[in-house]
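An overview of the molecular structure
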Amino acid sequence: MRTESSLDLPLVGLAALFLGSGTLHLVRPQVFEPIVPSALPDARKVVEVSGVAEIVCGLGLLHPKTRRIAGLASAALLVVVFPANVQMSVDAGQRANRKRTPKSAGFFAGTLARLPLQWPMIKVALRAGKGTGA
């Protein structure tokens, strides 16, 4: 039986993904800058803020006292960044078509595979937000 304080594999996995991705945003922001919508000022700052948000959400998911708010914030963050993830796939597809290398094709495939995974990640975050574990 799951309790509000239970950690299970989907919840730990989501937290780990947020922590890893958030760290990557801070260590290699140039990877993410091209997918920041041009309407937003200072792409570097947007990438850094989103990286910090991911790390905060990841840490929040791991602690029972912050899990509910972190779950809701995580779900919102996943919805908000989805268009950027689509843009990353579009860009990767164009690059793969130009370069025609196994590496560029593999990266493109990875970005495409990630898109449908957003929905189960949102579901895990929402369950955490409801206080019912993941």
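Residues numbered from 1 in each chain as written. Predicted model: local features only at pLDDT ≥ 70, side-chain atom pairs only at ≥ 80, totals over all residues. Heavy atoms only, no water.

The protein chain carries the name Putative membrane protein in an unreviewed UniProt entry, which gives Nocardioides albus as its organism.

1. A word on the overall build of the protein chain
Rules: Each helix is a run of DSSP H or I of at least 4 residues and each strand a run of E of at least 2, with the numbering of both proceeding from the N terminus. All radius of gyration figures rest on C-alpha atoms, and the globule criterion is 2.2 Å times the number of residues raised to 0.38. Only heavy atoms enter the contact rule, under which two residues are in contact if any of them lie within 4.5 Å. Only the protein chains shown count as cover for residues, with accessible areas throughout obtained via the Shrake-Rupley method and a probe of 1.4 Å.
The number of helices and strands found in the protein chain is 4 helices and 0 strands. Traced from its N-terminal end to its C-terminal end, the protein chain shows the element sequence α-α-α-α. Computed over C-alpha atoms, the radius of gyration of the protein chain comes to 16 Å, within 12% of the 14 Å expected from 2.2 N^0.38 for 134 residues, which places it in the range of a compact globule. Projected onto the principal axes, the alpha-carbon positions of the protein chain cover approximately 50 × 30 × 20 Å. Relative to all contacts within the protein chain whose residues are 6 or more apart in sequence, the contacts with residues 24 or more apart total 67%. As displayed, the protein chain offers around 7,900 Å² of accessible surface, 69% of which is attributable to carbon and sulfur atoms.

2. Thoughts on the pattern of salt bridges
Quick reminder of the rule: Salt bridges are identified by distance alone: a Lys or Arg side-chain nitrogen within 4 Å of an Asp or Glu carboxyl oxygen. In this scheme, a residue with accessible area under 20% of its type's maximum is buried, one over 50% is exposed, and one in between is partly exposed, where area comes from a 1.4 Å probe on protein chains only.
Applying the stated criterion to the full structure yields 1 salt bridge. Among the ionic pairs, R44 bridges to E33, the shortest N-O distance being 2.2 Å. Placement of R44 in helix α2 (residues 43–62) and of E33 in the loop between α1 (9–27) and α2 is noted, with a sequence separation of 11 residues between them. Residue R44 is classed as partly exposed on the basis of its relative accessible area, which comes to 37%.

3. Considering α2
Stated precisely, the cut-off is as follows: Multiplying 1.5 Å by the helix residue count minus one yields the expected span of that helix.
Compared with an ideal rise of 1.5 Å per residue, which puts 20 residues at 28 Å, α2 spans 29 Å between its outermost C-alpha atoms and is within 8% of the ideal. Contacts from the buried residues of α2 go to α1, α3 (67–99) and α4 (102–129).

4. Concerning the side chain of H25
What counts is decided by this rule: By the criterion applied in these results, polar contacts are pairs of N or O atoms within 3.5 Å in which, for protein atoms, one can donate a hydrogen and the other can accept it, and in which residues neighboring in sequence qualify only through two side-chain atoms.
In this structure, H25 sits in helix α1. When its relative accessible area of 8% is taken as the criterion, H25 is described as buried. Looking at H25, its side chain comes within polar contact range of the main-chain oxygen of S21, at 2.7 Å. Once you skip the residues sitting within four places of it in the chain, H25 turns out to touch F32, V47, S50, G51 and E54.

5. Here we look at the packing of α1 against α4
Selection rule: Note on method: axes are straight lines fitted to C-alpha atoms, helices fitted across the in-contact stretch only, with angles between N-to-C directions ranging 0 to 180 degrees. Each angle receives one of four descriptions, namely roughly parallel if under 35 degrees, roughly antiparallel if over 145, roughly perpendicular if within 65 to 115, and oblique otherwise. Handedness of a helix crossing follows the sense of rotation of the near helix relative to the far helix, less than a right angle counterclockwise being left-handed and clockwise being right-handed. When residues are sorted by character, Ala, Val, Leu, Ile, Met, Phe, Trp, Tyr, Cys and Pro go into the nonpolar class, Asp, Glu, Lys and Arg into the charged class, and all the rest, Gly among them, into the polar class.
The interhelical angle for the contact between α1 and α4, taken along N-to-C directions, is 110°, at an axis separation of 10 Å. Comparing the axis directions of α1 and α4 gives the class roughly perpendicular. The chirality of how α1 crosses α4 is left-handed. Together, P10, L11, L14 and L17 of α1 and M121, V124, A125 and A128 of α4 make up the contact between the two elements. The residue makeup of the contact of α1 with α4, split by class, is 8 nonpolar, no polar and no charged.

6. Some thoughts on a nonpolar patch on the surface
Which entries qualify depends on this criterion: Patch membership requires more than 30% relative accessible area and the absence of a salt bridge. Residues of like charge join within 9 Å; the nonpolar side chains Val, Leu, Ile, Met, Phe, Trp and Tyr join within 5 Å.
Together, L7, V12, L59 and L62 line one region of the surface with nonpolar side chains, adding up to about 320 Å² of accessible area. Position of L7 among the secondary structure elements: in the segment before α1. The partly exposed category is assigned to L7, whose relative accessible area is 44%.

7. Focus on unusual backbone geometry
Residue D42 is not a glycine yet carries a positive backbone phi of 55°. Located in the positive-phi region is R100, a residue other than glycine, with phi close to 55°. Along the chain, R100 turns up in the loop between α3 and α4.

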